Amino acid sequence: MISVLATEVLAAASRPRSAGPVPGRGGELAREPRLAATVRVAYIMSRFPKITETFVLYEMLAVERSGVSVDIYPLLREPGRRMHPEAVPLVRRARFEPFLSWAILRAHAYFLARKPRAYFAALAALLGGTWGSLRFFTAALGIFPKCV
């Protein structure tokens, strides 16, 4: 099974190339000379590589086979040594970041200074979506700095 986003990316990457404008998201027009070579997809996931989530692994591999660059940002490293052999090269280049770093603090400063509404809207949505569970609420607060 492949996600809606990946389906859209794969469809766009396989469309015949044109020199003219192509309707993009939000009504803007985008040029599409070599879409597959310029499109990048970022996968942000709670844990990676998770042995039980083969569909995500195979989706990422299918997107890459189409020529689209894939970046992987796991919030946590899945404990344990068991993983699919196909995941090994992806794990090597996955970006496992600490919970707090100077880069993360700079990202917060950047968005607070330049996009405060978006920053606080994301925080409000995160907290509002987890309000019913103390466990999820505190986990969301802990992971928010890394998500920014």
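These remarks concern the structure in this document. Everything quoted here is computed from the prediction, not taken from an experiment.

Topic: the nonpolar core
One broad trend across soluble globular proteins is that nonpolar side chains are buried collectively. Tyr43, Met45, Phe48, Met60, Ile72 and Leu90 are the most contacted members of the largest nonpolar core, which totals 17 residues. Mapped onto this core, the elements with two or more residues apiece are β3 (40-48), α3 (54-65), β4 (69-77) and α4 (88-93). Here the element with the most residues in this core is α3; it accounts for 5 residues.

Quick look at the pairing of β4
Bridge analysis of β3 against β4 gives 8 bridges, and the strand direction is parallel. If you follow isoleucine 44 over to β4, its bridge partner there is tyrosine 73. Chirality of the crossover, the property in question, places the unit of β3, α3 and β4 among those that are right-handed.

Some points on unusual backbone geometry
Cis geometry is found at the peptide bond from phenylalanine 48 to proline 49, where omega equals -5 degrees. As for its position among the elements, proline 49 is in the loop between β3 and α3.

Concerning the pattern of salt bridges
Tallying each qualifying case throughout the model produces 3 salt bridges. Aspartate 71 is the partner of arginine 40 in a salt bridge, and the nearest nitrogen-oxygen pair spans 2.7 Å. One end of the pair, arginine 40, is in strand β3; the other, aspartate 71, is in strand β4, and 31 residues separate them in sequence.

Reading the values: the criteria
- Residues numbered from 1 in each chain as written.
- Predicted model: local features only at pLDDT ≥ 70, side-chain atom pairs only at ≥ 80, totals over all residues.
- Heavy atoms only, no water.
- Core = buried A, V, L, I, M, F, W, Y, C linked by side-chain atoms within 4.5 Å.
- Buried < 20%, exposed > 50% of the residue type's maximum accessible area, 1.4 Å probe, protein only.
- Helix = DSSP H or I, 4+ residues; strand = E, 2+ residues; numbered from the N terminus.
- Pairing = 2+ DSSP bridges.
- Right-handed = clockwise from strand over helix to strand, strands pointing away.
- Salt bridge = Lys/Arg side-chain N within 4 Å of Asp/Glu carboxyl O.

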